[in-house]
Amino acid sequence: EVQLQAFGGGSVQAGGSLRLSCAASGFSFDDYAIAWFRQAPGKEREGVSAITSRDGTTYYDESVKGRFSISADNAKNTVYLQMNSLKPEDTADYFCAASSIGNPMTVKLWALYQCSYHDWGQGTQVTVSS
């Protein structure tokens, strides 16, 4: 059984940092892409970042590029999202998700799309104040 759970949310001031963790079990990281999504009240869920642990390839939405960094610790079955220079616009519930990989050459085409992912963890709240 694939299981995911997000941890590490909290409240910070603009410009601050948080590190989110996604603890995973029930599957091999080599066969999956792991992604972070977020959803603010009244808005659709959007892709933030993703990683394929087999080769370490990472993907970022333009809104967080240069501020957020995704990484994987395969030995601990955990994916992290380091969030720096946080802005009030980053306030949202953050979710991690997993998708099996068919053709690894095509992951870049779907890595940040919600419909691509079939396993989801519970969200963790991030609030960034002005």
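Residues numbered from 1 in each chain as written. Predicted model: local features only at pLDDT ≥ 70, side-chain atom pairs only at ≥ 80, totals over all residues. Heavy atoms only, no water.

Draft legend 1. Spotlight on the sheet that holds strand E8 (residues 78-83). Taken together, four strands build an open sheet; the order of strands is E1-E3-E8-E7 and the sheet is antiparallel. Both outer strands of the open sheet, strand E1 (3-7) and strand E7 (68-73), are each paired with one neighbouring strand and no more. On average, each strand axis in the sheet is tilted by 15° relative to the strand beside it, whichever way the strands run. Looking at chain direction, strand E3 (residues 18-25) and E8 are connected through six bridges and run antiparallel. (Pairing = 2+ DSSP bridges. Helix = DSSP H or I, 4+ residues; strand = E, 2+ residues; numbered from the N terminus. Axes fitted to C-alpha atoms, helices over the stretch in contact; angles between N-to-C directions.)

Draft legend 2. Spatial organisation of the nonpolar core. Counting 28 residues, the largest nonpolar core has Trp-36, Leu-81, Met-83 and Tyr-94 as its most contacted members. Secondary structure elements with two or more residues in this core: E1, E3, strand E4 (32-39), strand E5 (46-52), E7, E8, strand E9 (92-100) and strand E11 (124-129). Discounting residues that sit within four places of it in the chain, Met-83 has contacts with Gly-16, Ser-17, Leu-18, Leu-20, Arg-67, Phe-68, Tyr-94 and Val-126. Listed in part, the ten residues of the second largest apolar core include Ala-35, Ala-50, Ala-111 and Tyr-117. (Core = buried A, V, L, I, M, F, W, Y, C linked by side-chain atoms within 4.5 Å. Buried < 20%, exposed > 50% of the residue type's maximum accessible area, 1.4 Å probe, protein only. Contact = heavy atoms within 4.5 Å.)

Draft legend 3. Region of the structure containing the packing of aromatic side chains. Enumeration according to the criterion identifies five aromatic pairs in this entry. Both rings, one in Phe-27 and one in Tyr-32, keep their centres 4.4 Å apart while their planes meet at 50°; by these two values the pair is tilted. On the basis of relative accessibility, which here comes to 13%, the residue Phe-27 falls in the buried class. Residue Tyr-32 is classed as buried on the basis of its relative accessible area of 14%. Considering the side-chain rings of Phe-37 and Tyr-117, the 5.3 Å spacing of their centres and the 75° angle between planes classify their relative orientation as edge-to-face. Highlighted residues: Phe-37 in strand E4 and Tyr-117 in the loop between E9 and strand E10 (119-120), separated in sequence by 80 residues. The pair Phe-37 / Tyr-117 is uniform in exposure class, with both members buried. Aromatic ring contacts, followed pair by pair, group Phe-37, Trp-110, Tyr-117 and Trp-120 into a single cluster. The lysine or arginine in question, Arg-45, covers the ring of Phe-95, its NZ or CZ lying 4.1 Å from the ring centre. (Phe/Tyr/Trp six-rings, centres within 6.5 Å; stacked < 30°, edge-to-face > 60°. Lys NZ or Arg CZ within 6 Å of the ring centre and 35° of its normal.)

Draft legend 4. Quick look at the state of the cysteines. Applying the stated criterion across every chain, the model contains one disulfide. Residue pairing for Cys-22: its cysteine sulfur links by disulfide to Cys-96, the two sulfurs lying 2.2 Å apart. What sets the handedness of the Cys-22 and Cys-96 disulfide is the S-S torsion sign, and at about 75° it is right-handed. Placement of the pair is Cys-22 in strand E3 and Cys-96 in strand E9, with a sequence separation of 74 residues. Both residues of the pair, Cys-22 and Cys-96, count as buried. A disulfide-free cysteine, Cys-115 has its sulfur positioned 18 Å from the sulfur of Cys-96, the nearest such atom. The exposed category is assigned to Cys-115, whose relative accessible area is 74%. (Disulfide = S-S within 2.5 Å.)

Draft legend 5. Representation of the environment of Gly-102. Among the secondary structure elements, Gly-102 is positioned in the loop between E9 and E10. According to the relative accessible area criterion, Gly-102 is exposed, its value standing at 66%. The spatial distance from the C-alpha of Gly-102 to the C-alpha of Tyr-32 is 9.0 Å, given a sequence separation of 70 residues.

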